[in-house]
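Coordinates in review
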Amino acid sequence: MGHDHPTTGPTPQLRCGPLLEGDAELIDAATDVVDRSSDGAVHTVAAAVRDGSGRLHVGMNVYHFTGGPCAELVVLGSARAAGGDHLEVIAAVGAGNRGVLSPCGRCRQVLADLHPRLRVIVPTADGVGSVPIRDLLPFGYEQTYERRPR
Ligand SMILES: [Zn+2]
């Protein structure tokens, strides 16, 4: 008896691209914020994003047991509040010299849904690189309800 198993090939490997021009500046901006502003408890990760006009926006996480937002989500709101749109690339950096952090599952879903062309800076075994958000969430959940205007 055979199974109808759709995946028979090898596990696909994540292809991580190199950093592009301006990415180091983005990482530096997030690093500056987290080094300057982390309190080691509530605010421990900073994120920076570059919008379509080339402007950088920064934000920090707000840890709380009820589900406080990650830095990646806070910076989406910060960018919008400053008039930023068409976000191009995002990076998050952890306090305590943790360096660049990969977005959590919730953030991957939010970023993919709201900014599907976003590039994400991620740590790899070979250093820091970048990938399209869609590559970080293969077979992602698709919203079936009507999207609200934004
Ligand atoms: Zn997250």
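Given the structure is predicted, the values throughout are model-derived calculations rather than measurements. (Residues numbered from 1 in each chain as written. Predicted model: local features only at pLDDT ≥ 70, side-chain atom pairs only at ≥ 80, totals over all residues.)

1. Some thoughts on the overall build of the protein chain
Condition: A run of H or I in DSSP becomes a helix once it reaches four residues, and a run of E becomes a strand once it reaches two; helices and strands are each numbered from the N terminus. Here the C-beta atoms are placed from the backbone, and a residue counts as buried if at least 20 other C-beta atoms lie within 10 Å of its own, exposed if 12 or fewer do, and partly exposed otherwise. C-beta atoms are first placed from the backbone for all residues, and any pair lying within 7 Å is then listed as a contact.
Along the backbone of the protein chain there are 4 helices and 6 strands. Shown N-terminal to C-terminal, the secondary structure of the protein chain runs as helices and strands in the order α-β-β-α-β-β-α-β-β-α. Relative to its full complement of 150 residues, the protein chain shows a buried share of 31%. Intrachain contacts of the protein chain at a sequence separation of at least 6 include 56% that bridge at least 24 residues.

2. Topic: helix 2 (residues 71-81)
Residues of helix 2 that are buried: Ala 71, Glu 72, Leu 73, Val 74, Val 75, Leu 76 and Ala 79. Contacts made by the buried residues of helix 2 are with strand 1 (45-50), strand 2 (56-60), strand 3 (89-94) and helix 3 (105-114). With its phi angle positive at about 85°, Gly 83 sits one or two positions after the end of helix 2.

3. Here's the deal with unusual backbone geometry
Look at Asn 97: it is not a glycine, yet its phi comes out positive at around 60°. Assignment of secondary structure puts Asn 97 in the loop between strand 3 and strand 4 (99-101). A residue is classified by how many C-beta atoms lie within 10 Å of it, and Asn 97, with 9 of them, is exposed.

4. A look at the pairing of strand 6 (residues 127-132)
Stated precisely, the cut-off is as follows: Note: two strands are recorded as paired if DSSP finds a minimum of 2 bridges between them.
With 6 bridges joining them, strand 5 (residues 119-124) and strand 6 adopt antiparallel strand pairing. Residue pairing across strands places Thr 124 opposite Gly 127, the latter belonging to strand 6. Where strand 5 folds back on strand 6, the antiparallel hairpin that results is connected by 2 residues.

5. Some points on the nonpolar core
Worth spelling out the cut-off: Think of a nonpolar core as buried Ala, Val, Leu, Ile, Met, Phe, Trp, Tyr and Cys residues, each tied to the set through C-beta atoms within 7 Å.
Counting 36 residues, the largest nonpolar core has Ala 30, Val 45, Ala 46 and Ala 47 as the members making the most contacts within it. Ranked by residues supplied to this core, first place goes to helix 2 with 6 residues. Contact partners of Ala 46, with chain neighbours within four places excluded, come to Ala 30, Val 33, Val 34, Val 58, Met 60, Ala 71, Ala 92 and Val 93.

6. Points about the environment of Pro 103
By secondary structure assignment, the location of Pro 103 is in the loop between strand 4 and helix 3. Taking the number of C-beta atoms within 10 Å as the measure of exposure, Pro 103 has 25 and is therefore buried. Placed 19 residues apart in sequence, Pro 103 and Val 122 show a C-alpha to C-alpha distance of 8.0 Å. If we ignore the near neighbours within four places in the chain, the residues touching Pro 103 are Glu 72, Ala 92, Arg 108, Leu 111, Val 120 and Leu 136.

7. Concerning the pairing of strand 2
Counting buried positions along strand 2 yields 4 of 5 residues, so the element is predominantly enclosed. Both strand 1 and strand 2 contribute to a ladder of 5 bridges, which runs antiparallel. Note on strand 2: the bridge partner recorded for Ala 48 is Val 58. Counted along the chain from strand 1 to the antiparallel partner strand 2, the turn is 5 residues long, and its residue Gly 54 has a positive phi close to 90°.

8. Comments concerning helix 3
Filter applied, for reference: Note: the arc covers the axis-to-C-beta directions of the helix.
Along helix 3, the residues that are buried comprise Cys 107, Leu 111 and Ala 112. Projected onto a plane normal to the axis of helix 3, the buried residues spread over an arc of 130° and lie on a single side. The inward-facing, buried residues of helix 3 abut helix 2, strand 5 and helix 4 (133-136).

9. Some words on the environment of Arg 80
By secondary structure assignment, the location of Arg 80 is in helix 2. Residues Arg 80 and Asp 51, spaced 29 residues apart in sequence, show a C-alpha to C-alpha distance of 9.5 Å.

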